[in-house]
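What the coordinates show
The chain contents come next:
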Amino acid sequence: MASANTSWSEENFSCPICLDVFSSPVSTPCGHNFCRACINKFWDEQVQCKCPICNQMFDTRPDPQVNIFVSEMADLFRTTVRVKEQPSYEPGEVPCDVCTGTQLKAVKSCLVCLISYCQTHLEPHQRVAGLKKHRLVEPMDRLEDRMCKKHDRLLELFCRTEQECVCQFCTVTDHKSHPVVPLKEEYEVKTALLGKIEAEVQQMIQERKLKIKEIKDTVEFHKKDADGVIADGGQVFTALMRRVEKCRDDFNLTVKERLKTTEKQAEDLIKELEQEIEDLTNRGSEVKPLSHTKDHLHFLQAFRTLKDPPPPRDWTTVEVCPPSYVGTLMRSLDQLEETLNMEMKKLRDDAELKRVQQYEVDVTLDPDTANPQLILSEDGKQVHYGGVLKALPDNPKRFDYYWSTCVLTRQSFSSGRFYFEVQVKDKTAWRLGVARESINRKGWMEWTPETGCWNLLYYNHELVFIDDPSVRLPLRAELQKVGVFVDYDEGLVSFYDVEAKVHIYSATGCTFTEPLYPILSPRYHEEGRNSVPLIISPVNQTD
């Protein structure tokens, strides 16, 4: 019958007056059912009692009796409805272990039964005396995993020695002398630790994301760099091909001109031969009639009038001189090689200068490092020799030796590539390059790579890379501006004549283990001939 009732609707068990499920249902003489309180209240408000459904009038107020069947069915329906109204469990909640079909949300877990119960199935534990003694706790999933396998007790403590969860009985047996704390306390400790780990993990993730971006940016940079190299290379090869084509055209022209000379000689000889043939033909015309006459007198008289022919030319030794092409091609190729070598060096230097200029850095001079004899501009871009040893505060960073008229920049570089340019126009002496951070600033020293300085020196119209021994360099014309390029990771320091777009010198195989600083020295006045400043100039790239 209960099974049948569950298919009925709420209307079958609702009071027509309050529209709620029957409470103490009673039947009127006409057979209709109402809650006892509802029908009594209805009749209290009527002059004459009647049925609210069929309006049957009653002479006397009826005393309705409880309808036992309807009462039981209403109770059963109310219980069924209450069960249906209980929500099913959501993800993260503990389900009832007793429910079949749709599992409902558990409201308690029994540590004796090791079962979780919804409100309906918990009812026996709240009613039956024996079950009331069971220990009920807030809903827990996997109850069997929460019990000590040895003592069949709840794992509610944590052993810090063994780093495992234990029950109360474990603390007086296997873990008697071990420090134990409630699970909640250890949970808070581990949660804090987990939070720290999570923060570290997030930081590591961010660092790796930044590294990925850095790598991608590097690849993108090198891609653009490669495009630039290809474009520069294309210009170089195009220029070289034009040179080859010009050399080919010059070679062809030389051969053709020599052939033309031979043809002119042959033409002149042919004309001369043709003229002699004409002359001989004319003489033959004069001689032939005379040779046929039989008159001796006439023959002799006519023979005297014949003109003497011009002395004949010996044509046996005459020949057309063939044009000589021996060595022409080799001379053209030698000239081409020389031209190409000069052109390639020029184009290579030009392309190389453009490439290194892409690594321009903005540097300014550091007054804390400047020798007391030097004067710096306010913007930190110029330095010249003042001729007076100023009294300045002692500073470990300053070059204070009389002959060390040097200054470093504020900026240093510990990796990658950098490039800067210095105007040296109208100066008769100067020194510039890069120096490592630990360079000696307080006394005499040799300004060589061994002591941590990679410098170019101009003095007495000579250009020298300072080393042991120093390297004397060719000086084509007076330098206007010098470019300095450093590849820290490759151990390379290069110098360029910016105006002529010519590579001056490169120090290779250098070992850099410290930050590098650009270093400038305007040197001394030399009786006023070297008073103009060294100027750190912005890079002006040209096509």
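What you are looking at is a predicted structure, and each value in this text was computed from that prediction instead of being measured. (Residues numbered from 1 in each chain as written. Predicted model: local features only at pLDDT ≥ 70, side-chain atom pairs only at ≥ 80, totals over all residues. Heavy atoms only, no water.)

Observations concerning the state of the cysteines
- Inspection of every chain in the model, using the stated rule, returns zero disulfides.
- We note that Cys54 lacks a disulfide partner, and the nearest cysteine sulfur, in Cys51, lies 3.7 Å from it.
- On the accessibility criterion, Cys54 (38% relative accessible area) is partly exposed. (Disulfide = S-S within 2.5 Å. Buried < 20%, exposed > 50% of the residue type's maximum accessible area, 1.4 Å probe, protein only.)

What about the side chain of Ser404?
- Within the fold, Ser404 resides in the loop between strand 11 (382-385) and strand 12 (407-408).
- On the basis of relative accessibility, which here comes to 4%, the residue Ser404 falls in the buried class. (Helix = DSSP H or I, 4+ residues; strand = E, 2+ residues; numbered from the N terminus.)

Some words on the pairing of strand 15 (residues 453-459)
- The buried fraction of strand 15 amounts to six of the seven residues, a majority that puts the element mostly inside the structure.
- By the bridge criterion, seven bridges tie strand 14 (residues 429-436) to strand 15 in an arrangement that is antiparallel. Looking at strand 15, one finds that Ala429 is bridged to Tyr459.
- By the bridge criterion, four bridges tie strand 15 to strand 16 (residues 462-465) in an arrangement that is antiparallel. For Tyr458, the partnering residue across the bridge sits in strand 16 and is Leu463.
- Counting the residues that bridge the hairpin from strand 15 to strand 16 gives two residues, and of these Asn460 lies at a positive phi of roughly 55 degrees. (Pairing = 2+ DSSP bridges.)

Some words on the nonpolar core
- One finds Trp430, Trp454, Leu456, Val482 and Phe495 to be the most contacted residues of the largest nonpolar core, which totals 39 residues.
- Phe495 has contacts with Leu432, Gly433, Trp454, Asn455, Leu456, Phe465, Val482, Gly483, Val484, His503, Ile504 and Tyr505, leaving out every residue within four places of it along the chain.
- Formed by 18 residues, the second largest nonpolar core is a distinct cluster that contains Cys15, Phe58, Met73 and Ala74. (Core = buried A, V, L, I, M, F, W, Y, C linked by side-chain atoms within 4.5 Å. Contact = heavy atoms within 4.5 Å.)

A look at the packing of aromatic side chains
- All told, the structure shown has 12 aromatic pairs when counted by the stated rule.
- Between the aromatic rings of Phe399 and Trp447, the centroid separation amounts to 6.0 Å while the plane-to-plane angle is 45 degrees, which identifies the pairing as tilted. Highlighted residues: Phe399 in the loop between strand 11 and strand 12 and Trp447 in the loop between strand 14 and strand 15, separated in sequence by 48 residues. The pair Phe399 / Trp447 is uniform in exposure class, with both members buried.
- Judged by centre distance (4.7 Å) and plane angle (35 degrees), the rings of Phe465 and Tyr505 are tilted. One end of the pair, Phe465, is in strand 16; the other, Tyr505, is in strand 20 (residues 502-507), and 40 residues separate them in sequence.
- Among the residues examined, Phe465 registers a relative accessible area of 1% and is labelled buried.
- By way of ring pairs, the aromatic residues Phe221, Tyr359 and Phe485 are connected into one cluster.
- Directly above the ring of Trp447 sits Arg431, whose terminal nitrogen or CZ lies 4.5 Å from the centroid.
- Here Arg523 stacks its cationic end above the ring of Tyr459, 5.3 Å away from the centre of that ring. (Phe/Tyr/Trp six-rings, centres within 6.5 Å; stacked < 30°, edge-to-face > 60°. Lys NZ or Arg CZ within 6 Å of the ring centre and 35° of its normal.)

Nothing here speaks to function; it is all geometry.
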